[in-house]
Amino acid sequence: MAQNTDDTPVYLGSARLDEITRMLTELASEVWILRDRTLVLEHLLRERGVLDEAALDALRPDGELLARLGEERGAFVRRVFGAVFDADTRVAAATAEVPVPGRG
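Quick caveat, the model's predicted, so the values are computed rather than measured.

Q: What's the story with a nonpolar patch on the surface in this structure? I'm lost.
A: The grouping of Ile 20, Leu 24, Leu 27 and Val 31 at the surface amounts to a nonpolar patch, some 320 Å² of accessible area in total. For Val 31, a relative accessible area of 49% gives the class partly exposed.

Structure representation (structure tokens):
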């Protein structure tokens, strides 16, 4: 099996193809986790009679929610597109704490 310059194996014939595959795998994982969580939350809220689907669809985030969404989007982009970086950089990006407004 071929090796990268940092001695990690090359699985798909080229380091770049491995990176793209890693990125797609990370993206698919993120999409499923979010989809699963959304379905569970909507089910629980609907079951308890507290989900106003029209209000959910009409919501236009601002203030603290808008800031939080921006921070989460940045973390997501770093995780997914960080797949093309070396392993140490990927781990640092994936484990970086995302600041949460209102939580010291």
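Q: Just checking my understanding: could you explain the pattern of salt bridges for this structure?
A: Two side chains with opposite charge may pair up if their charged atoms get near one another. Per the stated rule, a full pass over the model turns up 5 salt bridges. When the shortest N-O distance is used, the salt bridge between Arg 16 and Glu 19 registers 2.5 Å. With Arg 16 and Glu 19 both in helix 1 (residues 15-47) and 3 residues apart, the pair spans about one turn of that helix. The class for Arg 16 is partly exposed, based on a relative accessible area of 49%. By relative accessible area, Glu 19 is classed as buried at 16%. Shared partners join several salt bridges into a network, and the residues in it are Glu 42, Arg 46 and Glu 53.

Q: Which parts of the structure should I look at to understand helix 1?
A: Since the α-helix advances by 3.6 residues per turn, residues separated by three or four positions end up pointing in the same direction. Taking 1.5 Å per residue, 33 residues should reach 48 Å; helix 1 reaches 48 Å between its end C-alpha atoms and fits that length. Considered for burial, the residues of helix 1 that qualify are Asp 18, Glu 19, Met 23 and Glu 30. Where the residues of helix 1 are buried, they touch helix 3 (63-81). Phi turns positive one or two residues past the end of helix 1, at Gly 49, with a value near 75°.

Q: Please explain the confidence of the model for the chain as it appears in this structure.
A: Detailed reading of the predicted coordinates is not advisable wherever pLDDT is low. Summary statistics for the chain give a mean pLDDT of 81 and a share of 80% for residues scoring 70 or more. The lowest-confidence element of the chain is helix 4 (residues 87-95), averaging 72 in pLDDT; the highest-confidence one is helix 1, averaging 90.

Q: Sorry, what's going on with the side chain of Asp 18 here?
A: Counting through the fold element by element, Asp 18 comes out in helix 1. Summary of buried charges: Asp 18 has no salt-bridge partner, and the nearest side chain of opposite charge, Arg 22, is 5.5 Å away. Residues in contact with Asp 18, not counting those within four places in the same chain, are Pro 9, Val 10, Tyr 11 and Leu 12.

About the criteria used
- Residue numbers here run from 1 along each chain, matching the order of that chain's written sequence.
- Local features in this predicted model are restricted to residues whose pLDDT is 70 or higher, and side-chain atom pairs enter the listing and the counts only when it is 80 or higher, whereas totals over whole chains, interfaces and linings include all residues.
- Heavy atoms throughout the structure, all of them, feed into the side-chain values; hydrogens and water do not.
- Patches here: salt-bridge-free residues with over 30% relative accessible area, like charges joined within 9 Å, nonpolar side chains (Val, Leu, Ile, Met, Phe, Trp, Tyr) joined within 5 Å.
- Under the convention used here, a 1.4 Å probe and the Shrake-Rupley method define accessible areas, while residue burial counts only the protein chains that appear.
- A pair is scored as a salt bridge if a Lys or Arg side-chain nitrogen falls within 4 Å of a carboxyl oxygen belonging to Asp or Glu.
- Relative accessibility thresholds used throughout: buried, under 20% of the residue-type maximum; exposed, over 50%; partly exposed, between the two (1.4 Å probe, protein chains only).
- Note on conventions: DSSP H or I runs of at least 4 residues are helices, E runs of at least 2 residues are strands, and numbering of each starts at the N terminus.
- Expected span, for any helix, means 1.5 Å times one less than how many residues it has.
- We call two residues contacting when some pair of their heavy atoms lies within 4.5 Å.
- Each residue carries a pLDDT value, the predictor's own confidence for that position, ranging from 0 to 100.
- Neither His nor the chain termini are counted; the positive set is Lys and Arg, and the negative set is Asp and Glu.

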